[in-house]
Amino acid sequence: MPRYWFANRLVLTLSGQRPVHTLLGHALPAAYDQLIELAPRAPLRPAGERATAPLVRRCGEYQPRHGVIEAFARIASGDRLTALAFRLELGADARWRCAAIDLGPLA
């Protein structure tokens, strides 16, 4: 399921566990630009020294048309839950790529 693969990779990148360039071939230019802006801030990094690494608790999807997945994920880190939304598009080469990312309002 591509939504879980992408959700896990986005969590690793946005929590500072993996560098942003690991998603270079898996994101369209606009989404990659979003990642470049978000990754240095590590918005999904666990708070506090004893916090657990974030992980995907649930991931759902809506397919508005063939070749497009609008996905959401619930990310848990200790007792903290965060929402992550992203859009995947199927390319002519039959590979899914992330087209947009939304974490909602960030503090």
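Shown above is the structure to which this text applies.
Attention in this report is confined to the structure presented alongside it. Given the structure is predicted, the values throughout are model-derived calculations rather than measurements.

The rules behind each value
Numbering of residues starts from 1 in each chain and follows the order in which that chain's sequence is written. Reporting in this predicted model follows two pLDDT cut-offs: at least 70 for local features of residues, and 80 or more for side-chain atom pairs to be given and counted; totals over whole chains, interfaces and linings ignore these cut-offs and use all residues. Computation of side-chain values covers all heavy atoms of the structure but excludes hydrogens and water. Any Phe, Tyr or Trp ring, taking Trp's six-membered ring, that has another such ring centre within 6.5 Å forms a pair; planes under 30 degrees apart are called stacked, those over 60 apart edge-to-face, and the others tilted. The numbering of helices and of strands both runs from the N terminus, where a helix is a DSSP run of H or I of at least 4 residues and a strand a run of E of at least 2. Any pair of residues with heavy atoms lying within 4.5 Å of one another is described as a contacting pair. Definition used for salt bridges: Asp or Glu carboxyl oxygen within 4 Å of a side-chain nitrogen of Lys or Arg.

### Considering the packing of aromatic side chains
Two measures describe an aromatic ring pair: the distance that separates the ring centres and the angle between the ring planes.
Next up, step 1: Considering all chains together, one arrives at one aromatic pair under this definition.
Next up, step 2: Ring centres 5.0 Å apart and planes at 80 degrees place the aromatic pair Trp5 and Phe6 in the edge-to-face group.

### Description of the environment of Phe6
Next up, step 1: With respect to the secondary-structure elements, Phe6 resides in helix α1 (residues 2-14).
Next up, step 2: For Phe6 and Ala27, which are 21 residues apart along the polypeptide, the C-alpha to C-alpha distance reads 9.7 Å.
Next up, step 3: Those residues in contact with Phe6 that sit more than four places away from it in its chain are His26, Phe86, Leu88, Trp96, Arg97 and Cys98.

### What to know about the pattern of salt bridges
Next up, step 1: With the rule as written, the count across this model stands at four salt bridges.
Next up, step 2: Residues Arg3 and Glu61 are paired through a salt bridge, measuring 2.9 Å at the closest nitrogen-oxygen approach. Of this pair, Arg3 sits in helix α1 while Glu61 sits in strand β1 (residues 55-65); the two residues are 58 residues apart in sequence, bridging distant segments of the chain.
Next up, step 3: A salt bridge links Arg87 to Glu70; the shortest N-O distance between them is 2.6 Å.

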